[in-house]
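Each chain, written out:
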Amino acid sequence: ELLVVDSIYRLLDVESVYDPLRLEAFSFAKQRDYSNDLTPQFIANYLRSDLEYETLLTRPPLHLHGGDLAVNGRGDLFLSEDTISENGGDMEAIEAVFRQYFAAENIHILSGPIGNSAKHLDLLFKIAKPGVILASRAPAENVQSDSYGRKLHKQLSNRLGNNLNYIRRNLPESTKVIELPMPSL
């Protein structure tokens, strides 16, 4: 079973942990304000020593942006095209790392945000729980925007549409996809 800890850009989200033992470990880390790169180590140590829960702490040899990796607990791993290019572009080697370190069965590459923005998938796509995906729907076009704004809107709409089509085509039909409006650009 995989537990991904990202404490760099946001506080630990204790409510998203389903296993009571791991919930206790996250609560422990949150109470002690472990909100840095060592948080996974503290949680792993607590699970091992205090709760006698077998854990293995790994740090894959990849550069990953916070918010640019999502797993659904069913063997599917999602990341953006940017993660592929920032790790050398060798898809075979990158897939091997994700299979080895994350036990990924299916690796899905989605289009991340465009323009001068953070390249995080979680701005466009989020796994709410196993079997439920939240996906951004393009905002209404602002007819008063300049040509750059209209071009950005068109590109974003295309990316969001392509991601949505990809998800519906490549995940089981039982996966519920909920489209949410994205704020205007």
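Preceding block: the structure.
A few points on the structure. (Residues numbered from 1 in each chain as written. Predicted model: local features only at pLDDT ≥ 70, side-chain atom pairs only at ≥ 80, totals over all residues. Heavy atoms only, no water.)

Once that is clear, we can look at helix α5 (residues 147-170). Counting along an α-helix, one turn takes 3.6 residues, and residues three or four places apart therefore face a common direction. Across its 24 residues, α5 extends 34 Å between first and last C-alpha, which sits within 8% of the 34 Å expected from 1.5 Å per residue. Among the residues of α5, G149, L152, H153, L156, L160, N163, L164 and I167 are the ones counted as buried. Buried residues belonging to α5 abut β3 (106-110), β4 (125-129), β5 (132-137) and β6 (176-181). (Helix = DSSP H or I, 4+ residues; strand = E, 2+ residues; numbered from the N terminus. Expected span 1.5 Å × (residues − 1). Buried < 20%, exposed > 50% of the residue type's maximum accessible area, 1.4 Å probe, protein only. Contact = heavy atoms within 4.5 Å.)

Right, let's talk about the sheet that holds β5 for a bit. Spatial ordering of the open sheet is given by β4-β5-β6, a layout of three strands whose pairing is mixed. In this open sheet, the two strands that pair with only one neighbour each are β4 and β6. Across the sheet, the axes of successive neighbouring strands diverge by a mean angle of 30°, strand direction being ignored. Here six bridges tie β5 to β6, and the two strands are oriented parallel to one another. Bridging from a neighbouring strand, I133 pairs with V177 of β6. Here α5 sits on the sheet in contact with β4, β5 and β6, set at roughly 165° to β6. (Pairing = 2+ DSSP bridges. Axes fitted to C-alpha atoms, helices over the stretch in contact; angles between N-to-C directions.)

By definition, the strands of a sheet pair up through backbone hydrogen bonds, in either a parallel or an antiparallel sense. Pairing is mixed across the open sheet formed by three strands, whose spatial order is β1-β2-β3. Across the chains shown, the open sheet's two edge strands, defined by having one partner strand only, are β1 (69-71) and β3. The sheet shows a mean angle of 20° between the axes of neighbouring strands, taken without regard to direction. Across five bridges, the pairing between strand β2 (residues 76-80) and β3 is parallel. Across the sheet, the residue bridging to L79 is I109, located in β3.

So, on to the side chain of H108. Looking at the element boundaries, H108 is found in strand β3. A polar atom in the side chain of H108 sits 2.7 Å from the side chain of D76. In contact with H108, not counting residues within four places along its chain, are D76, L77, F78, L79, Y166, N170 and L171. (Polar contact = N/O pair within 3.5 Å; in protein donor to acceptor, adjacent residues only side chain to side chain.)

Let us look at helix α4 (residues 91-102). Compared with the 16 Å implied by 1.5 Å per residue over 12 residues, the 16 Å span of α4 between its first and last C-alpha is a close match. Within the sequence span of α4, burial applies to I94, V97, F98 and F102. On an axial view of α4, the arc spanned by its buried residues comes to 95°, and they lie on one face. Away from its buried face, by an angle of more than 90 degrees, α4 presents the exposed residues E92 and Q100. (Arc of directions from axis to C-beta.)

Turning to the packing of aromatic side chains, a few remarks are in order. Taken as a whole and judged by the stated rule, the model has two aromatic pairs. Here the aromatic rings of F78 and F125 are separated by 4.9 Å at their centres, their planes lie at 50°, and the arrangement is tilted. Of this pair, F78 sits in strand β2 while F125 sits in strand β4, placing them 47 residues apart in sequence. An angle of 45° between the planes, with centres 5.3 Å apart, marks the rings of F98 and F102 as tilted. Here the residue F98 and the residue F102 both occupy positions in helix α4, the gap between them amounting to four residues, near one helical turn. Accessibility expressed as a relative area gives 1% for F98, which makes it buried. (Phe/Tyr/Trp six-rings, centres within 6.5 Å; stacked < 30°, edge-to-face > 60°.)

Let us now look at unusual backbone geometry. Positive phi, normally seen in glycine, also occurs at A103, with a value near 55°. Turning to its location among the elements, A103 is positioned in the loop between α4 and β3.

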